[in-house]
Structure formats: C-alpha cells, structure tokens
Amino acid sequence: MTIRFDFSGKKVLITGGSKGIGRAIAEKFIDAGAQVAICARGIEDLRELQNKRGVLAVQADVTKEEDVKKVIAHTVQHFNGLDILVNNVGGATQFGDFFDMKAQNWRDAFELNVMSMVHFCKEAIPHLKVSQSPRIINISSISGIEPGFYNPHYTSTKSSTINFSKYLSNFLASEKILVNCVCPGSVETDSWDKSVQQISCEKNLPPEEVAREMGSKEALKIPLGRMGQGVDISPLVLFLASDEASWITGSCFHVNGGKMKGMC
Ligand SMILES: NC(=O)c1ccc[n+]([C@@H]2O[C@H](COP(=O)([O-])OP(=O)(O)OC[C@H]3O[C@@H](n4cnc5c(N)ncnc54)[C@H](OP(=O)(O)O)[C@@H]3O)[C@@H](O)[C@H]2O)c1
C-alpha cells in the first residue's frame, strides 16, 4: 500500500534540493501537489528540475548569509508565503581522519552544515509563524549520533544539528511550529560518489571497482542488506510535514536499514 500525501496549496522550500536526498524529497512533494522551491549552486541541475518539474529554482551558496536571505525572500515573494522548510543541504567537503583536518576544514563544515541551517531558520521563522501548519525538518545523519573513524569535522556538525533541532522545537512550540530531525544512514548520492572518486584516486583503482567494493562492504553492515536511496528517506519527511504529525516535535528519526536502532 502506498500512502498518498496531499500537499496541495502548501509552499515548501528544500535547501540543496537539486541532487540526492534533497531531490528525492523535492520530487515527492511535487508529486503530492505542493509548490516547491529548491536552492543549490549548480545551475544545470536547477534548470533541469525547473524545466522538468516546474520547481522554483534559486541559485545560491548557502554558506553566504546574503544568499540565504535571497532564497527566502524570493521563495516567499513567489509563493506568497512559506509553510515547510526542509534544511537538507550539507555534506563533508573534505574527507579524512582527525589529523587530516585543518582548522579551516572544521570551519567550512560548520558553515555548510550548521550555520546555513541557523540562517535559513532565522529568515524563515517570521513567515512560518503566519502559516496554518508550519514545519521545519532538518536532515542530520546517523553519524551525528554515532561517529565512525573518519570525518570528525562533519560528524560533529551533524550532532549539532540534532541538538539545534531539539532546542528549536522548544523555542517554537508556543508558535505551533513543529521541528523534527531525520537521520539517514548510508544513501547512494553524489556525496557517496565523491568518496568513491577520492578513494579510487588514492588507491589508483578504477572507480567501478571501488564503488562495488565499498557498496558491498557497507551493505554488510546494514541488516536490510542494501544501501539506501533518496526515496527511502523522502516518505518520512512528507509524513513529518503532514497534518498527521501534528503532535510530533523535537524528535529525531532513524532511517538506515536497521544499521542503528533505538532512540536519541
Ligand atoms: N548520502 C548519505 O549517505 C547521507 C547520510 C546521512 C546524512 N546525509 C545528509 O543528507 C543531506 C543530503 O545529502 P546528499 O548525500 O543527498 O548530498 P548531495 O547528493 O551531495 O547533494 C547535496 C545538495 O546540496 C547542494 N549544495 C551543496 N553545497 C551547497 C552550497 N554551499 N550551497 C548551496 N547548495 C549546496 C548540492 O547542489 P550543488 O552542488 O549544485 O550546490 C545538492 O543539491 C546532507 O545534509 C547530508 O549530510 C547524507
């Protein structure tokens, strides 16, 4: 049975909605009848989604506060309001262990993963306050709860986004703005492809071989036996944005094929 969501008349902004998990979320909202805005840096992907699916596509670098202001202003002006903000943008721009990371790598990770979320929330809240069923959904990561051996700069930011979501849910409860957090496990997206490329260069092996080996190693750690796809994450986001979820706020949800269980 497929759940049919109806978001007709709802105005949704998904940051980093041009690829990967963000794109899957954007497409699912479009299928459910929402008016969807996305932002990203790369113009080609933005244009493609604008032409194919009719999204409002805004080119922006979310690490720049003035660009964040521009995205919100443009979206609100175009749609005459905003109901749902999905803070999806993020990732690790540098890969390595603790000693590989320079101070600037840590700063960059916080700008991309935490400060962009802070700026988007600050700009969006005045508009969400006048929505009938306002929502903020933040995409964190399983690694924000349980880090591995690599990318401590990134995993620390993902921990921060969980804490920030919980704080914001308290702060905005009286306004009936619900704030929740989704923690994906390993999902095959562009960021996964980038790790494959990097390892393939480092080890001087063909990317297909590295992808196969990394994919099957990762799948072995996942009880359901496969890596995720964007479409494994998007239904939960739509549920949290729906009226069915009106008594859920400050929660953090795992979607990871069973790799990590329990509450956080
Ligand atoms: N994939 C996973 O296994 C995984 C696991 C756990 C959590 N997550 C989280 O899920 C979210 C999405 O990850 P993903 O794997 O789907 O990423 P992705 O495939 O790399 O896509 C990232 C999206 O964000 C945009 N973006 C990146 N940097 C930007 C910037 N500075 N300004 C504006 N847009 C920017 C990208 O477009 P442009 O490059 O064109 O700007 C793209 O649309 C992230 O928060 C990530 O931490 C992912």
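Criteria and cut-off values
Residues numbered from 1 in each chain as written. Predicted model: local features only at pLDDT ≥ 70, side-chain atom pairs only at ≥ 80, totals over all residues. Helix = DSSP H or I, 4+ residues; strand = E, 2+ residues; numbered from the N terminus. Rg over C-alpha atoms; globule rule 2.2 N^0.38 Å. Buried ≥ 20, exposed ≤ 12 C-beta atoms within 10 Å, placed from the backbone. Contact = placed C-beta atoms within 7 Å. Core = buried A, V, L, I, M, F, W, Y, C linked by C-beta atoms within 7 Å. Near = placed C-beta within 6 Å. Nonpolar A, V, L, I, M, F, W, Y, C, P; charged D, E, K, R; others polar. Pairing = 2+ DSSP bridges. Right-handed = clockwise from strand over helix to strand, strands pointing away. Domains from an automatic or database assignment.

Topic: the overall build of the protein
Piece 1. Helix and strand content of the protein: eight helices and seven strands.
Piece 2. Computed over C-alpha atoms, the radius of gyration of the protein comes to 18 Å, within 12% of the 18 Å expected from 2.2 N^0.38 for 264 residues, which places it in the range of a compact globule.
Piece 3. Viewed in the frame of its principal axes, the protein has a C-alpha envelope of about 55 × 35 × 35 Å.
Piece 4. When the 264 residues of the protein are sorted by exposure, 42% land in the buried category.
Piece 5. The contacts in the protein between residues at least 6 apart in sequence include a share of 69% that link residues at least 24 apart.

A look at the nonpolar core
Piece 1. In this structure, Val36, Ile38, Leu85, Val86 and Val237 are the most contacted members of the largest nonpolar core, which totals 56 residues.
Piece 2. In this view, Val237 contacts Ile25, Val86, Ile137 and Val182; residues no more than four positions away in its chain are not counted.

A short note on the environment of Glu111
Piece 1. Take Glu111: it is sitting in helix H4 (residues 103-128).
Piece 2. Given 18 C-beta atoms within 10 Å, Glu111 falls into the partly exposed group.
Piece 3. Residues Glu111 and Lys221, spaced 110 residues apart in sequence, show a C-alpha to C-alpha distance of 31 Å.
Piece 4. Dropping the residues within four chain positions of it, Glu111 is found in contact with Thr63 and Ser116.

Details of the site of the ligand
Piece 1. Taken together, 29 residues sit near the ligand, with Gly16, Gly20, Arg41, Gly42 and Gly90 positioned nearest.
Piece 2. For the shell around the ligand, the elements supplying multiple residues, two or more each, are helix H1 (20-31), strand S2 (35-40) and helix H6 (190-203).
Piece 3. For the shell around the ligand, the residue count by class is 11 nonpolar, 13 polar and five charged.

So, the pairing of strand S1 (residues 11-15)
Piece 1. Judged by how many residues are buried, S1 sits mostly within the fold: five of five residues are covered.
Piece 2. Residue alternation in S1 divides its side chains into two sets, Lys11, Leu13 and Thr15 and Val12 and Ile14, and both sets are buried.
Piece 3. Judged from the five bridges that link them, S1 and S2 form a sheet pairing that is parallel. For Val12, the partnering residue across the bridge sits in S2 and is Val36.
Piece 4. After leaving S1, the chain enters H1 and then returns to the sheet as S2, a path that is right-handed.
Piece 5. Sheet topology note: the S1/strand S4 (residues 84-87) ladder contains three bridges and is parallel. Residue pairing in the sheet places Leu13 in a bridge with Leu85 of S4.

Topic: the domain arrangement of the protein
Piece 1. Along its sequence, the protein is organised into domain 1 (11-187 + 230-255) and domain 2 (191-227).
Piece 2. The distance between the C-alpha centroids of domain 1 and domain 2 comes to 25 Å.
Piece 3. With six residues of domain 1 at the interface, the matching set in domain 2 holds seven residues.
Piece 4. Class assignment of the residues belonging to the side of domain 1 that touches domain 2 gives a composition of two nonpolar, four polar and no charged.

As for the environment of Leu205
Piece 1. Examined against the element boundaries, Leu205 turns out to sit in the loop between H6 and helix H7 (207-220).
Piece 2. Leave out the neighbours within four places in its chain, and Leu205 touches Ser200 and Val210.

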